[in-house]
Amino acid sequence: MTARLRDFPEQHLQRSRRFFELMSPILRTRAFEVITCVVGLPIARELQDAFAAQLDDIVHLLPAGTRIYRVGRARLHWEAHIVKRPDEPVPSTPAAEIEAAFTAAVRGTRHFELDYQGFFVSSEGTVCFQGFGDSDELRARLREQVVGSSAHQLVTTHISGARILDPVGPSSFARLIELRDRSAARRYGTLPVDEVKLVAE
């Protein structure tokens, strides 16, 4: 999200909406298949509380009726490596081989920490809490050893906290940018990277 935009582009929001049951009385995600390597599920209570407080501040800026999906506290995580995205085919590599490669990759990786401070919002409306730390070793090992993974890997260490699914108008969008800029000085807490989970769902 940049100051050049005056609102979330409708075509970008549509890419986010395809992951949700929009006609349901309660906003919920669609059923889709992913295979991913994550840290969290859940994260520490300190980080949960800090992210929730920041999300409350964001929601207060949005026009009444704006649809926003907040990731459940127990579902918050950092995605270290993606094997299969929702819109990608199931890997041809057998599941047992993926699991063995994943186990070998994480076994020899040193433990480290990610420090979370500030947030950004993508043009598709995803609210992301920014993580800082050296994840290169872990990601390189996963990339090299888990053959057949997605070609589209994340480069940041953010944790996704919510998705805004509607345009908010130029005034609210400008206030959101201001809040984002101020959040650069707001420290949320630390995520110890001492356990990585292979999740298929």
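Before reading on, note that the structure itself is shown above.
This text gives an overview of the structure that appears in the document. (Residues numbered from 1 in each chain as written. Predicted model: local features only at pLDDT ≥ 70, side-chain atom pairs only at ≥ 80, totals over all residues. Heavy atoms only, no water.)

## So, the overall build of the protein chain
Assigned secondary structure in the protein chain consists of five helices and 10 strands. Relative to its length of 201 residues, the protein chain is compact, with a C-alpha radius of gyration of 17 Å against a globular reference of 17 Å. Buried positions account for 44% of the 201 residues belonging to the protein chain. Pairs at least 24 apart in sequence give 85% of the contacts found in the protein chain among residues at least 6 apart. A total of about 10,500 Å² of accessible surface is found on the protein chain, and carbon and sulfur atoms cover 53% of it. The protein chain carries 26 positive and 26 negative side-chain charges, and their two centres are separated by 5 Å. (Helix = DSSP H or I, 4+ residues; strand = E, 2+ residues; numbered from the N terminus. Rg over C-alpha atoms; globule rule 2.2 N^0.38 Å. Buried < 20%, exposed > 50% of the residue type's maximum accessible area, 1.4 Å probe, protein only. Contact = heavy atoms within 4.5 Å. Areas by Shrake-Rupley, 256 points an atom, 1.4 Å probe, with all protein chains shown as cover. Lys, Arg positive; Asp, Glu negative; His and termini not counted. Charge placed at Lys NZ, Arg CZ, Asp CG, Glu CD.)

## Focus: the pairing of strand β5 (residues 77-84)
The buried fraction of β5 amounts to six of the eight residues, a majority that puts the element mostly inside the structure. Of the strand pairs in this sheet, strand β3 (residues 35-40) and β5 are connected by six bridges, and their pairing is antiparallel. By the bridge assignment for β5, valine 38 is matched with glutamate 79. (Pairing = 2+ DSSP bridges.)

## Details of the side chain of arginine 139
Relative to the elements of secondary structure, arginine 139 occurs in helix α4 (residues 136-145). For the buried residue arginine 139, which engages in no salt bridge, the nearest side chain bearing the opposite charge is aspartate 136, 6.5 Å off. Apart from residues lying up to four places away in sequence, arginine 139 is in contact with Trp78, Glu79, Ala80, Leu154, Val155, Thr156 and Thr157. (Salt bridge = Lys/Arg side-chain N within 4 Å of Asp/Glu carboxyl O.)

## Remarks on the sheet that holds strand β7 (residues 126-132)
With respect to topology, five strands assemble into an open sheet ordered β4-β8-β7-β6-β9, the strand pairing being antiparallel. Strand pairing shows two members of the sheet lacking a second neighbour, β4 (68-70) and β9 (187-193), which therefore form its edges. On average, each strand axis in the sheet is tilted by 30° relative to the strand beside it, whichever way the strands run. Here four bridges tie β7 to strand β8 (residues 159-164), and the two strands are oriented antiparallel to one another. Residue pairing across strands places cysteine 128 opposite serine 160, the latter belonging to β8. The sheet strands contacting helix α2 (residues 45-61) are β4, β6 (112-121), β7, β8 and β9, and the helix crosses β9 at an angle near 140°. (Axes fitted to C-alpha atoms, helices over the stretch in contact; angles between N-to-C directions.)

## Overview of the packing of aromatic side chains
Taken as a whole and judged by the stated rule, the model has eight aromatic pairs. Between phenylalanine 51 and tyrosine 188, the ring centres sit 5.4 Å apart and the planes meet at 75°, which makes this aromatic pair edge-to-face. With phenylalanine 51 in helix α2 and tyrosine 188 in strand β9, the pair connects residues that are 137 residues apart, well separated along the chain. Taken individually, phenylalanine 51 and tyrosine 188 each receive the classification buried, so the pair is uniform in this respect. Here the aromatic rings of tryptophan 78 and phenylalanine 112 are separated by 6.4 Å at their centres, their planes lie at 80°, and the arrangement is edge-to-face. Of this pair, tryptophan 78 sits in strand β5 while phenylalanine 112 sits in strand β6, and the two are 34 residues apart along the sequence. Per residue, the accessibility class of tryptophan 78 equals that of phenylalanine 112, and both read buried. The structure contains a cluster of three or more aromatic residues connected by ring pairs, namely Phe51, Tyr116, Phe129 and Tyr188. (Phe/Tyr/Trp six-rings, centres within 6.5 Å; stacked < 30°, edge-to-face > 60°.)

## Here we look at the state of the cysteines
Per the counting criterion, the structure on display carries zero disulfides. Cysteine 128 supplies the cysteine sulfur nearest to cysteine 37, a cysteine that is in no disulfide, at a spacing of 19 Å. Cysteine 37 sits in the buried class, given a relative accessible area of 0%. By relative accessible area, cysteine 128 is classed as buried at 3%. (Disulfide = S-S within 2.5 Å.)

## Overview of the side chain of serine 150
Checked against the element boundaries, serine 150 lands in the loop between α4 and β8. Of note is the side chain of serine 150, whose polar atom sits 3.1 Å from the backbone nitrogen of histidine 152. (Polar contact = N/O pair within 3.5 Å; in protein donor to acceptor, adjacent residues only side chain to side chain.)

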